[in-house]
Amino acid sequence: MGARKKISADKRKEALKTKYFAKLNNVPTSPRKMRLVADMVRGMEAFRALGVLKFSSKEASARLEKLLRSAIANWEQKNERKAESGELYITEIYVDSAAMLKRLRPAPQGRGYRIRKRSNHVTLFVDTMSKNDNQI
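Because the structure is predicted, anything quoted here is derived from the model rather than measured. (Residues numbered from 1 in each chain as written. Predicted model: local features only at pLDDT ≥ 70, side-chain atom pairs only at ≥ 80, totals over all residues. Heavy atoms only, no water.)

Some thoughts on unusual backbone geometry
Part 1: Residue N26 is not a glycine yet carries a positive backbone phi of 55°.
Part 2: Along the chain, the position of N26 falls in strand β1 (residues 20-27).
Part 3: At E80, a residue that is not glycine, the phi angle is positive and equals roughly 55°.
Part 4: Mapped onto the elements, E80 comes out in the loop between α4 (60-79) and β2 (88-97). (Helix = DSSP H or I, 4+ residues; strand = E, 2+ residues; numbered from the N terminus.)

Following this line, the structure appears as structure tokens:
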């Protein structure tokens, strides 16, 4: 790795140390379906979002609920205290596409239909909202 890339990578790692987040990699759900659930809770108060995810009928909501619980636990561990209701908010949530498994399904007359099994990466940031922040 070159010197400039190493410095840039170190700066990004240092910036992430001050943020509270959780990552979920290689989720076997298409990014399109996961984004529908992510849009439901984006900018929402964390404990309210847990309730919304718990009672959602989407399959992706169970995975996102577990990820949100992990992000809250990360915040609690770094701040050495329990999070109170109304204190934490989901500041950012990203759903990126991951590796795609490509398969062929047999079709008539020697043809094959392409099957693409998509997966995604989810990154969720939580933090307290100060009075002058208008991110929501």
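From this point on, the discussion continues.
So, a positive patch on the surface
Part 1: Side chains of K102, R114, R116 and R118 sit close together on the surface and give a patch of like positive charge.
Part 2: Structurally, K102 is set in strand β3 (residues 101-106).
Part 3: Taking relative accessible area as the criterion, K102 reaches 63% and is therefore assigned exposed. (Patch = residues over 30% accessible without salt bridge, like charges linked within 9 Å, V, L, I, M, F, W, Y side chains within 5 Å. Areas by Shrake-Rupley, 256 points an atom, 1.4 Å probe, with all protein chains shown as cover. Salt bridge = Lys/Arg side-chain N within 4 Å of Asp/Glu carboxyl O. Lys, Arg positive; Asp, Glu negative; His and termini not counted. Charge placed at Lys NZ, Arg CZ, Asp CG, Glu CD. Buried < 20%, exposed > 50% of the residue type's maximum accessible area, 1.4 Å probe, protein only.)

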